[in-house]
Amino acid sequence: MPLFVDPRHPVVVRATFVDIPSEGELRAYLGQAEALLEERLGAPFIVIVDARRGGTPPVSHLKLHAAFLRNNAEALRSGLIGVVFLASNPMIPVSYTHLRA
C-alpha cells in the first residue's frame, strides 16, 4: 500500500506516501485519519507527512483531501498544533547552510 500511517506516538502522527495511491487507498487513508481525529478529539497532535517518495497527485485526490479538511475542520482546530510536510521537489530549492554552526 502506498500510504502508511503510524499513530503509535501520543502526539506525533506520521503519514508516509510512496508512489501515488489509488483512489480507494486514499479513501482508506483518510478514513484512518478521521478515526484518529475522533479517538484523540481535543488532544494536541502534530502531523508529519512524508511525501518524498510520492508522486504528484491527480486533481481527484486533491478534491478528496479538501473535502476531508472541510468535513473535519472543527476536530482539526481542536487539537492540531502543526503539520510538517516533507517533499522532494526541484522547483523548491532548499538550503540548510543557515543551520550550520
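Everything in this summary refers to the structure shown in the same document. Everything numeric here is computed off the predicted structure, so don't read it as measured data.

The rules behind these values
- Residues numbered from 1 in each chain as written.
- Predicted model: local features only at pLDDT ≥ 70, side-chain atom pairs only at ≥ 80, totals over all residues.
- Heavy atoms only, no water.
- Helix = DSSP H or I, 4+ residues; strand = E, 2+ residues; numbered from the N terminus.
- Contact = heavy atoms within 4.5 Å.
- Phe/Tyr/Trp six-rings, centres within 6.5 Å; stacked < 30°, edge-to-face > 60°.
- Buried < 20%, exposed > 50% of the residue type's maximum accessible area, 1.4 Å probe, protein only.
- Core = buried A, V, L, I, M, F, W, Y, C linked by side-chain atoms within 4.5 Å.

**Examining the environment of leucine 86**
Position of leucine 86 among the secondary structure elements: in strand 4 (residues 80-86). Sequence separation of leucine 86 and aspartate 50 is 36 residues, and the distance between their C-alpha atoms is 4.8 Å. Setting aside its immediate chain neighbours within four residues, leucine 86 contacts Ile48, Val49, Asp50, Ala51 and Arg52.

**Structural notes on the packing of aromatic side chains**
The full count for this structure, using the stated rule, is one aromatic pair. Relative to tyrosine 29, the ring of phenylalanine 17 has its centre 5.2 Å away and its plane inclined at 70 degrees; by these criteria the two rings are edge-to-face. A residue pair is termed long-range when its members are at least 10 positions apart, and phenylalanine 17 in strand 2 (residues 12-19) and tyrosine 29 in helix 1 (residues 23-39) qualify at twelve residues. For the pair phenylalanine 17 and tyrosine 29, a shared accessibility class is recorded, and that class is buried.

**With respect to the nonpolar core**
Counting 16 residues, the largest nonpolar core has Leu26, Tyr29, Leu30, Leu37, Phe45 and Phe68 as the members making the most contacts within it. Secondary-structure elements contributing two or more residues to this core are strand 2, helix 1, strand 3 (45-54), helix 2 (59-71) and helix 3 (73-79). Looking at this core element by element, the count peaks at six residues for helix 1.

By themselves, these are just geometric observations and shouldn't be taken as functional.
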